[in-house]
Amino acid sequence: MKKTLLTIALALGTITAFACTNFIVTKGASTDGSVMVTYAADSHQLYGALYKYTPAKRAAATMTVTEWDTGKYLGEIAQLPVTYSTVGNMNEHSVIITETTWGGLSQLEDPNGKIDYGSLIYITLQRAKTAREAISIIVDLANTYGYASSGESFSIADADEAWIMELIGKGDSSKDPSRKGIVWVARRIPDGYVCAHANQARITNIPKNDPDCLHSDDVISFARKEGLYDGTDEDFSFCDTYAPFDFGAMRGCEARVWSFFRSVADGMDKYIDFAMGLNSNNKMPLWVKPRTKIAPKVLFDAMRDHYEGTPMDMTTDLGAGGHHLPYRWRPMYFSVDGVEYCNERATATQQTGFWLCGQARKDKVGILWFGVDDAATSALTPIYVNTTEVPWCLSEQNGSMLKYSDTSLFWITNRVAQFAYLRYDLIGKKVREVVDTWENTMLEAVKNIDIAIGNTPKAKKKAQIATKFSTEGAQKLFDTWANLDKYLLVKYIDGNVKGEDKNGFIDNGNGKDIPGKIEQPGYSEKWKRAVAADNGKILEVIK
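Residues numbered from 1 in each chain as written. Predicted model: local features only at pLDDT ≥ 70, side-chain atom pairs only at ≥ 80, totals over all residues. Heavy atoms only, no water.

## Here's the deal with the overall build of the protein chain
Counting secondary structure elements, the protein chain contains 12 helices and 23 strands. Relative to the globule expectation of 24 Å for 543 residues, the C-alpha radius of gyration of the protein chain, 24 Å, shows essentially globular dimensions. Dimensions of the protein chain along its principal axes, counting C-alpha atoms only, are 80 × 65 × 45 Å. Burial status across the protein chain gives 56% buried among its 543 residues. Considering only residue pairs separated by 6 or more positions, the protein chain has 69% of its internal contacts joining residues 24 or more positions apart. For the protein chain, the accessible surface area stands at approximately 23700 Å², while carbon and sulfur atoms represent 52% of it. (Helix = DSSP H or I, 4+ residues; strand = E, 2+ residues; numbered from the N terminus. Rg over C-alpha atoms; globule rule 2.2 N^0.38 Å. Buried < 20%, exposed > 50% of the residue type's maximum accessible area, 1.4 Å probe, protein only. Contact = heavy atoms within 4.5 Å. Areas by Shrake-Rupley, 256 points an atom, 1.4 Å probe, with all protein chains shown as cover.)

Spelled out as structure tokens, the structure:
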């Protein structure tokens, strides 16, 4: 999300851009040798659905570009005669592209651009076989048609390499045609390391003559021309020039990166003052080496972080209410007696449309682990990249943000999440148990499907096996959540907790389905003390 617009946009009750999180794990840093990229597409307006592109047998000469955020028509661009199939943010060659928006300097936006950041992702996926090729295509598209968005960070990966790419426009091209296009830089993440970005540009210096650092020829000279930088090439920092740090950039954005790094690598506590927005000079490294190799499930769970165990832990202060809720409803900022305060913005957040973990695997078909809504109260299901169908429960045609659907995974997942938010310490814990069981089961199931696909020589048959597993798995997840929704209502209705044994809910023994055991756990001690301090004179029991 654009940091400079964050407070204004939220105060007005509108959302102008996404606020997302990406974690990147290189093949040498993963337990199974896969390259993994996570993405949470966080927007109060985005419907959680799985996008699918299948190349036409005979391509048209042009294709329409519409802005991903708004659906606004931007124009027509040339289509290629050969394109690749995609599912979500991966393509058939296991190229993965995800993003986070950081906005940067507003004067560098071009109102005449014909291709926005979302279209760059999905069009590039249709055209790229490798991560390096994807970088080249993004640059060519943006420079050819003009860039219609603000500052962006992209995660770009394949089964061999993982990159972080950052770019921003050059301003209004209608007044100066030389402003058409982008300035940009891309760094390959060293194998064995992990990286992350979360709505703040993170690349600093640009090493010369490094084949693993790509950039536009004018990335520094343009900054000098605009009066944004007057130092040496060696001292130039992309993020400090095009997206200067402020409190929101550190506390609302970089803190999410810090929390992930802290969970997988040693020595990160020394950057706590930076993460809390107190010291912009104490920047974190662009990437870190994890203490141990990272398993897919560990990475899944990293996307469920609420700063637990840190000073920013949202489950411990009074704002968590009586049930340790790790969420704060928007707006993010509020004032009391002229002093401004912030609500935390953690990785797991209530307004997620969809989230994912892409796995690019050498000599195996890639997998898009896909989920909808809040990562902390939803589960990922495996979708093979050679699938030929989208499960109906994840279809773009099945419901919307304005139309409820009884068969939509997005809506049933939201029903469960909304209930969990009421008593998060109890209901959220129960949901997480179901999440863990599901994901661990599917991780094991994938092993068997991999063998079946590997033993099948024909591509068409491989796709059939993958499609059957992917679609049936997604539907089974929907059914699991539909049953969970009913179970939670029965168990936790009206503030109660019904007892269970190995046979199910406990009745009173009279054969009338009357509960035999009901607990009422009440509220947290901190909440009770706060209520007593606030209104104790009225509520005190006089004996």
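After presenting the structure, the write-up continues.
## Structural notes on the pattern of salt bridges
Scanning the model with the defined rule gives 34 salt bridges in all. Between Asp-212 and Arg-188 there is a salt bridge whose closest N-O contact spans 3.1 Å. Taken as a pair, Asp-212 in the loop between β12 (194-197) and β13 (213-215) and Arg-188 in strand β11 (residues 182-188) lie far apart in primary sequence, 24 residues in all. Where Asp-233 meets Arg-224, a salt bridge forms, and the shortest distance between an N and an O atom there is 2.8 Å. Linked by salt bridges that have partners in common, Lys-297, Asp-301, Arg-304, Arg-432, Asp-436 and Glu-439 make up one network. (Salt bridge = Lys/Arg side-chain N within 4 Å of Asp/Glu carboxyl O.)

## Focus on the sheet that holds strand β2 (residues 35-42)
Taken in spatial order, the 7 strands line up as β14-β12-β1-β2-β17-β18-β19 in an open sheet, and their pairing is antiparallel. The sheet terminates laterally at β14 (287-288) and β19 (381-384), the two strands that pair on one side only. Both strand β1 (residues 22-25) and β2 contribute to a ladder of 2 bridges, which runs antiparallel. Bridging from a neighbouring strand, Ile-24 pairs with Val-37 of β2. (Pairing = 2+ DSSP bridges.)

## Side note on the side chain of Gln-79
Take Gln-79: it is sitting in the loop between β5 (73-78) and β6 (86-87). Contact partners of Gln-79, with chain neighbours within four places excluded, come to Tyr-53, Ala-59, Ala-60, Ala-61, Thr-62, Met-63, Gln-126 and Arg-127.

## Quick word on the confidence of the model for the protein chain
When the pLDDT values of the protein chain are averaged, the result is 95; 97% of them are 70 or greater. Per-residue pLDDT stays below 50 along residues 1-18; that stretch engages in 48 contacts with residues further than four places along the chain or on separate chains. (pLDDT = per-residue confidence, 0-100.)

## Describing the packing of helix α10 (residues 424-454) against helix α11 (residues 459-492)
When two helices pack together, their arrangement is captured by the angle between the axes and the distance separating the axes. One can describe the packing of α10 onto α11 by two numbers: an axis separation of 11 Å at closest approach and a directional angle of 165°. Viewed along their axes, α10 and α11 adopt a mutual orientation that is roughly antiparallel. Handedness of the crossing formed by α10 with α11: right-handed. The residue inventory of the contact of α10 with α11, partitioned by class, reads 21 nonpolar, 3 polar and 3 charged. (Axes fitted to C-alpha atoms, helices over the stretch in contact; angles between N-to-C directions. Parallel < 35°, antiparallel > 145°, perpendicular 65-115°, else oblique. Left-handed = near helix turned anticlockwise from the far one by under 90°. Nonpolar A, V, L, I, M, F, W, Y, C, P; charged D, E, K, R; others polar.)

## Considering helix α2 (residues 117-125)
Counting buried residues along α2, 9 of its 9 residues qualify, which places the element largely inside the surrounding structure. Among the residues of α2, those classed as buried are Tyr-117, Gly-118, Ser-119, Leu-120, Ile-121, Tyr-122, Ile-123, Thr-124 and Leu-125. Capping the start of α2, Asp-116 holds a side-chain oxygen 3.1 Å from the backbone nitrogen of Gly-118, two or three residues further along. (Polar contact = N/O pair within 3.5 Å; in protein donor to acceptor, adjacent residues only side chain to side chain.)

## Some words on the packing of helix α9 (residues 409-422) against α11
At a minimum axis separation of 9 Å, α9 and α11 run at an interaxial angle of 25°. Between α9 and α11, the angle is such that the two are roughly parallel. Where α9 crosses over α11, the two elements pack in a sense that is left-handed. The residues of α11 that touch α9, namely those facing Leu-409, Ile-412, Thr-413, Arg-415, Val-416 and Phe-419, are Leu-477, Phe-478, Trp-481, Ala-482, Leu-484, Asp-485, Leu-488, Leu-489 and Tyr-492. Looking at the contact of α9 with α11, its residues break down into 12 nonpolar, 1 polar and 2 charged.

## A word on the packing of aromatic side chains
Enumeration according to the criterion identifies 27 aromatic pairs in this entry. A ring pair is formed by Tyr-229 and Phe-236, whose centres lie 5.1 Å apart and whose planes are at 85°; its orientation type is edge-to-face. Residue Phe-236 is classed as buried on the basis of its relative accessible area of 1%. An angle of 50° between the planes, with centres 4.8 Å apart, marks the rings of Tyr-327 and Tyr-421 as tilted. Pair noted here: Tyr-327 is in the loop between α8 (296-302) and β15 (333-336) and Tyr-421 is in helix α9, with a separation of 94 residues, a long-range link. An identical accessibility class is assigned to Tyr-327 and Tyr-421; each is buried. (Phe/Tyr/Trp six-rings, centres within 6.5 Å; stacked < 30°, edge-to-face > 60°.)

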